[in-house]
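Coordinates in review
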Amino acid sequence: MFHSLNLYGLIDNREAVLRDTYTISAIAAAFTLLAVAILGSKSERLLSSRVLTAITPLAMTASSLLPPLCSNCHALSGPLIAVCGIASGASSGIATVYVGLTLCRLGLRPLIVALSIGQIGAALFSIAPQIAPPGTSAIFAASFPPVGTLAMLLSLRFSNSNEPRSATGKAEPKTSPSEAREIGLLIARLSLCVLLIACTHELARTLLTQMSIPNHVSYSYLLTQMVIVIGSAVGSVGIALSLMNIRRISMPFICHTAIFALLALGALALPLPLIYPEINLLVPVALDQVSYFFFSFVLWVMAIVLCQRFGEARVRILAVIRLGGTAGALAGILLGRLTIGIEGATVQSAFACMLLALGAISVALWLAFNEHALMAVMEVVPHPFRKRFQDKCQAVARHFGLTEREEEIMVLFAKGRNLAFIQEELFLSRNTISTHRQHIYKKLGIHSQQELLDLVQNYDAYKTPKN
């Protein structure tokens, strides 16, 4: 709600109020999500209470209405900003977990449909406060939380089960200690990736906002912003759905590469309008929006299927991942303001932000959440081509004459597992697994786990090999 200057149109110095309220809101949301993550299953019982379900949307509504209603009370400006920021941040943090728990009740296809509708719908609804008069904008924005809460309650009422379901429709096996440790590490890596990407997005948004906000917010400016927001949402959903419909086992790797390419392209475009004035500022704005919307869409899919697979820790998983995004956004805001305060919106500051963003994106997608981490997530995703992976592994084992034990170990390595996990999973010594791995690599004519991944990915399981 704080992205719209028009929402605070009745307030003097509205940009400062917007900035301070948004910052306090981000801090409050981060602490709320941290508390939810620490409490874990206890917080889920608290979240299920009707009192909190009612208070959450009311707090968000009040944080939208209070600033315009008290626009003439200058003495209350400081405390009012703090109260509104805390109320909005805490309630939005809780609401994010509510949304995640609601999505956990959907299968994979309904989940993708719901995320598509939600992302495009949120873009559409975010435009209304910007084109309406200030008072009407506040009322319209204040209606979002209760309407959203009602929609979630209705979806829960008409769902087939009161408990979050697996996207496969079957009861998932209990988590072993080794698997619990590995999923904990995976969630930490995913959260770090989200933190870095959110930081780069807010850093770019802060700089672009400084370059683009005119002294007078005209309707032509608002119309342009409307086209960018809606076009970015529709475009990102279209890209995501197109990639998810690729009928190849390499789909997750293509998706991973597409995310990196879009984010990197958005970062590279950041200084272009300052270097080449003939390039419209809408170019980097649109690229930044599309890339981040696309990343968020894929992130929600991964987060929900992980919650469905590891249902006993679903609240903690949601809270930790969203905490990474909130903390990253807060860091990006502060870093962007520091850059603007020191250098202003100059070519030098834009280049510095571009290099920082490219570095953070590279660390996020090639170190924190690389292909091995993606393989671990895809292992629990009920993807329609998962059987093809198993068929490929069996075909490779038959073609190269692997023993039953070698095939079992090869499959685990092809899923991105490490020696420690396989050792505990199969109750074998490290030396025994290393010996089997050497025999597997020799028979397959490869020298590394990456070559094994490439071999399985590109192997045609349904073609009879020539002798």
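Preceding this section is the structure that the text describes.
Residues numbered from 1 in each chain as written. Predicted model: local features only at pLDDT ≥ 70, side-chain atom pairs only at ≥ 80, totals over all residues. Heavy atoms only, no water.

A word on the overall build of the protein chain. Along its length, the protein chain carries 19 helices and zero strands. Once local pairs closer than 6 in sequence are excluded, the contacts in the protein chain between residues at least 24 apart make up 80%. For the protein chain, the exposed surface amounts to about 22300 Å²; the carbon and sulfur share of it is 64%. (Helix = DSSP H or I, 4+ residues; strand = E, 2+ residues; numbered from the N terminus. Contact = heavy atoms within 4.5 Å. Areas by Shrake-Rupley, 256 points an atom, 1.4 Å probe, with all protein chains shown as cover.)

What follows deals with unusual backbone geometry. Positive phi, normally seen in glycine, also occurs at phenylalanine 427, with a value near 55 degrees. Locating phenylalanine 427 in the fold gives a position in the loop between helix H17 (419–426) and helix H18 (430–444). Judged by its relative accessible area of 75%, phenylalanine 427 is exposed. (Buried < 20%, exposed > 50% of the residue type's maximum accessible area, 1.4 Å probe, protein only.)

Moving on, we come to the side chain of threonine 206. Locating threonine 206 in the fold gives a position in helix H7 (residues 177–212). On the basis of relative accessible area, threonine 206 is assigned to the buried category, the value being 13%. Only 2.7 Å separates the side chain of threonine 206 from the backbone oxygen of glutamate 202, close enough to count as a polar contact. Once residues lying within four places of it in the same chain are set aside, the contact partners of threonine 206 are Gly332, Ile333, Gly336 and Arg337. (Polar contact = N/O pair within 3.5 Å; in protein donor to acceptor, adjacent residues only side chain to side chain.)

Under the definition given, this model contains two aromatic pairs. Their ring planes at 70 degrees and their centres at 5.4 Å tell us that phenylalanine 260 and tryptophan 366 sit as a pair that is edge-to-face. Within this pair, whereas phenylalanine 260 is found in helix H9 (residues 251–268), its partner tryptophan 366 is found in helix H13 (residues 347–368), the two being separated by 106 residues in sequence. Accessibility expressed as a relative area gives 35% for tryptophan 366, which makes it partly exposed. Taken together, a centroid distance of 6.4 Å and an interplanar angle of 35 degrees make the contact between tyrosine 292 and phenylalanine 295 tilted. One end of the pair, tyrosine 292, and the other, phenylalanine 295, are both in helix H11 (residues 282–309), three residues apart, so they sit about a helical turn from each other. Residue class for phenylalanine 295 comes out buried when judged on its relative accessible area of 5%. (Phe/Tyr/Trp six-rings, centres within 6.5 Å; stacked < 30°, edge-to-face > 60°.)

Turning next to H17. Because an α-helix completes one turn every 3.6 residues, residues spaced three or four positions apart along the sequence face the same direction. Every buried residue of H17 is accounted for by Leu419, Phe421, Ile422 and Leu426. Viewed end-on, H17 has its buried residues packed into an arc of 160 degrees, placing them on one side of the element. Of the residues trailing H17, phenylalanine 427 is marked for its positive phi of about 55 degrees. (Arc of directions from axis to C-beta.)

Examined against the element boundaries, threonine 61 turns out to sit in helix H3 (residues 50–69). C-alpha separation for the pair threonine 61 and alanine 87, spaced 26 residues apart in sequence, amounts to 9.4 Å.

For the pair H17 and H18, interaxial distance at closest approach is 9 Å and the crossing angle is 110 degrees. Classified by the angle their axes make, H17 and H18 are roughly perpendicular. Classified by chirality, the crossing of H18 by H17 is right-handed. On H18, the residues that touch Leu419, Ala420, Ile422 and Gln423 of H17 are Arg430, Ile433, Ser434 and Arg437. In the contact of H17 with H18, the residues fall into four nonpolar, two polar and two charged. (Axes fitted to C-alpha atoms, helices over the stretch in contact; angles between N-to-C directions. Parallel < 35°, antiparallel > 145°, perpendicular 65-115°, else oblique. Left-handed = near helix turned anticlockwise from the far one by under 90°. Nonpolar A, V, L, I, M, F, W, Y, C, P; charged D, E, K, R; others polar.)

On the surface, a cluster of nonpolar side chains totalling about 400 Å² of accessible area is made up of Ile27, Phe31, Leu34 and Ile38. Residue position: leucine 34 is located in helix H1 (residues 14–39). Among the residues examined, leucine 34 registers a relative accessible area of 36% and is labelled partly exposed. (Patch = residues over 30% accessible without salt bridge, like charges linked within 9 Å, V, L, I, M, F, W, Y side chains within 5 Å. Salt bridge = Lys/Arg side-chain N within 4 Å of Asp/Glu carboxyl O.)

Counting 63 residues, the largest nonpolar core has Leu186, Ile197, Ile259, Phe295, Leu306, Ile321 and Phe369 as its most contacted members. Examining the composition of this core, we find that 14 residues originate from one element, H11, more than from any other. Once you skip the residues sitting within four places of it in the chain, phenylalanine 369 turns out to touch Leu186, Arg189, Leu190, Cys193, His256, Met302, Ala364, Leu374 and Val377. Listed in part, the 25 residues of the second largest apolar core include Cys393, Ile440, Leu444 and Ile446. (Core = buried A, V, L, I, M, F, W, Y, C linked by side-chain atoms within 4.5 Å.)

With that settled, the discussion passes to the packing of helix H16 (residues 404–414) against H18. Packing of H16 against H18 brings their axes to within 10 Å, and their N-to-C directions diverge by 90 degrees. Here H16 lies roughly perpendicular to H18, going by the angle between them. In this structure, H16 contributes Arg405, Glu406, Ile409, Met410 and Phe413 to the contact, and H18 contributes Ile433, His436, Arg437, His439, Ile440, Lys443 and Leu444.

A few words on the environment of alanine 331. With respect to the helices and strands, alanine 331 occurs in helix H12 (residues 314–342). Counting along the chain gives 128 residues from alanine 331 to leucine 203, while the straight-line C-alpha distance between them is 8.2 Å.

This part takes up the environment of alanine 180. Structurally, the position occupied by alanine 180 is in helix H7. Here alanine 180 falls in the partly exposed class, since its relative accessible area comes to 36%. Placed 133 residues apart in sequence, alanine 180 and alanine 313 show a C-alpha to C-alpha distance of 9.9 Å.

Another point: the pattern of salt bridges. A complete count under the given rule lists three salt bridges for this structure. Ionic pairing is found between glutamate 408 and arginine 405, a salt bridge with its closest N-O pair at 2.9 Å. Of the two residues, glutamate 408 and arginine 405 are both situated in helix H16; the distance of three residues between them amounts to about one turn of the helix. With a closest N to O distance of 2.9 Å, lysine 443 and glutamate 406 form a salt bridge. Of this pair, lysine 443 sits in helix H18 while glutamate 406 sits in helix H16; the two residues are 37 residues apart in sequence, bridging distant segments of the chain.

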